[in-house]
Amino acid sequence: MTNRLRVVSSRRGASIIHRLRPFLTIAVLYLVVMFFGHLLDHLILFPTSAPIDAGAAVRKTVPFQSGELEIWTAQSRRAQQQGDADIFILRFYGNADRADRWAAAEAEMWNDRAVEIWGMNYPGFGGSTGPARLARIGPAALAAFDELKNYADDRPIMPYGASIGATAALHMAAHRPVAGLILHNPPPLREMILRQFGWWNLWLLAGPIALQIPRDLDSISNAKAIQTPAIFLLAEKDEIVPPRYHRLVVDAYAGQKRVISLPGAYHNDPVEGAALAELNHALDWLLPKTKN
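The present account deals with the structure reproduced in this document. Keep in mind the model is a prediction, meaning the values are calculated, not measured.

**Describing the packing of helix α5 (residues 134-152) against helix α6 (residues 164-175)**
Orientation of α5 relative to α6, taken along the N-to-C sense of each, is 55°, at an axis distance of 9 Å. With respect to each other, α5 and α6 are oriented oblique. Seen from above, α5 lies across α6 with right-handed handedness. Counted together, Leu 134, Ile 137, Gly 138, Ala 141, Leu 142 and Phe 145 of α5 and Ile 164, Ala 168, His 171, Met 172 and His 175 of α6 form the full contact between these two elements. Class assignment for the residues of the contact of α5 with α6 results in 8 nonpolar, 3 polar and no charged.

Structure follows, in structure tokens:
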């Protein structure tokens, strides 16, 4: 009788394991994809490497993690006239964008100031060595700053980050002595993933993905650690980073700040018109604070 019970129990156990096998397989695949498949990088980053006409911008490279970072530099007209820059703008662009597309054009926006733009392409973007990984953005930003710091010779450096570039700028400002910050549509990545995308998948997808956001790119935590003055440029109709998420970063920011609303603007719209005039006025407030 005892042996018969053991046989029945064994058969029941085998039957349960057989029934659960598909679910166990799915669970294992889920964990592998979530934590070892770089799903987060593929969902968020959209690197391109096709050639882009950089205009008058000059290419330089910086050693980084057994490869190199590509940086594009350009001077404003006033910097060219006086033969040097008074201030350096370390520029971090949005996802799927590139420094070679904008550095020369942006230098012209500063023609009444002696400014030199240093625009960095993230790892895996443009001519920067891949792979493209969120975890490499923070260290790359610090490497670019350290290279520029050696070149600038104590002249002020001001990061300017747009969209995901704002996460790089905030990380840098929390770990390096920057002169000021300009942040355009800053995203709190972890909060966005959990609050905006978690409900429809019961956080089974959003939860593990949010946990994988590198600490370097935690905009809220970095904002709380920064005392440097900052200008925030916030698109009123941002369809990528809804304005309520901009405000999480603004409200967390510990330093002095000025907020410029961009009425009717979407995420990738340029700063123009009255907002551009307001930005120039705000720069008069910010830039004097950068003088040694």
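Read on, since the account is not over.
**Structural notes on the packing of aromatic side chains**
Following the criterion strictly, the structure yields 4 aromatic pairs and no others. When the centroid spacing of 5.8 Å and the interplanar angle of 80° are considered together, the rings of Phe 88 and Tyr 151 count as edge-to-face. Of the two residues, Phe 88 sits in strand β3 (residues 87-92) while Tyr 151 sits in helix α5, which places them 63 residues apart along the sequence. The class of Phe 88 is buried, set by a relative accessible area of 0%.

**So, the environment of Pro 208**
Positionally, Pro 208 belongs in helix α8 (residues 206-211). With relative accessibility at 12%, the residue Pro 208 sits in the buried group. Sequence separation between Pro 208 and Ile 193 is 15 residues, and the spatial gap between their C-alpha atoms is 10.0 Å.

**Description of the nonpolar core**
If you look at the biggest cluster of nonpolar residues, it comprises 55 residues, and the most contacted ones within it are Leu 90, Phe 92, Leu 134 and Leu 181. Residue contributions to this core peak at 10 residues, all from α5. Every residue in contact with Phe 92, bar those within four places of it in the chain, is listed here: Met 120, Tyr 122, Ala 141, Pro 159, Tyr 160, Gly 161, Ala 162, Gly 165, Ala 168, Ala 169 and Met 172. One finds Ile 89, Ala 104, Leu 233 and Ala 265 within the second-largest nonpolar core, a separate group that totals 31 residues.

**What about the environment of Pro 131?**
Relative to the helices and strands, Pro 131 resides in the loop between β4 (115-121) and α5. We classify Pro 131 as partly exposed; its relative accessible area is 42%. Residues Pro 131 and Asp 41 lie 90 residues apart in sequence; the distance between their C-alpha atoms is 9.8 Å. Not counting residues up to four positions away in its chain, the partners in contact with Pro 131 are Pro 123, Gly 124 and Arg 136.

Basis of the calculations
- Residues numbered from 1 in each chain as written.
- Predicted model: local features only at pLDDT ≥ 70, side-chain atom pairs only at ≥ 80, totals over all residues.
- Heavy atoms only, no water.
- Axes fitted to C-alpha atoms, helices over the stretch in contact; angles between N-to-C directions.
- Helix = DSSP H or I, 4+ residues; strand = E, 2+ residues; numbered from the N terminus.
- Parallel < 35°, antiparallel > 145°, perpendicular 65-115°, else oblique.
- Left-handed = near helix turned anticlockwise from the far one by under 90°.
- Contact = heavy atoms within 4.5 Å.
- Nonpolar A, V, L, I, M, F, W, Y, C, P; charged D, E, K, R; others polar.
- Phe/Tyr/Trp six-rings, centres within 6.5 Å; stacked < 30°, edge-to-face > 60°.
- Buried < 20%, exposed > 50% of the residue type's maximum accessible area, 1.4 Å probe, protein only.
- Core = buried A, V, L, I, M, F, W, Y, C linked by side-chain atoms within 4.5 Å.

Just geometry here; none of it tells us what the structure is for.
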